[in-house]
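# Structural description and commentary
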Amino acid sequence: MDASDIRTRVVALEHGRTEDRQRLTALEVWKQQTEISGARLDVRFEEMGKRLNRIDANLSRLMWLFIGGIVAGVVAFMLKGGFSLPG
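Residues numbered from 1 in each chain as written. Predicted model: local features only at pLDDT ≥ 70, side-chain atom pairs only at ≥ 80, totals over all residues. Heavy atoms only, no water.

With that settled, consider the pattern of salt bridges. Summed over the entire model, instances satisfying the criterion amount to 2 salt bridges. In this structure, the salt-bridge partner of Glu35 is Lys31, at a minimum N-O distance of 3.8 Å. Highlighted residues: Glu35 and Lys31, both in helix H1 (residues 3–79), separated by 4 residues, approximately one helical turn. In this structure, Lys50 and Glu47 form a salt bridge, with 3.9 Å as the shortest nitrogen-oxygen distance. Within this pair, Lys50 and its partner Glu47 are both found in helix H1, separated by 3 residues, close to a single helical turn. (Salt bridge = Lys/Arg side-chain N within 4 Å of Asp/Glu carboxyl O. Helix = DSSP H or I, 4+ residues; strand = E, 2+ residues; numbered from the N terminus.)

Honestly, that's just the spatial picture; any functional story needs more than this.
So this is what it looks like as structure tokens:
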């Protein structure tokens with residue numbers, strides 16, 4: 001084997017190793033960014049879940065107030081004799 005042939009092979013291997021390192025570094029950066037993005041989404045969805053629970057609780061209270069008002073109106077109507085027939 002010729003010395004220049006060995007040098008060429010060594011240089012080619014070094015270039016390949018450098019390219020592999022660059023690709024690995026790029027993949028590590030991408031993985032970190034993806035994990036950070038996923039964590040941000042998790043926090044955002046947790047906050048949205050809390051807000052939806054509060055909205056649900058408020059709507060439930062409003063519904064009970066509305067139903068209670070209707071029941072109170074019916075009871076008041078009954079107490080005033082609203083169901084009696086004029087005779």
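What follows continues from the structure just given.
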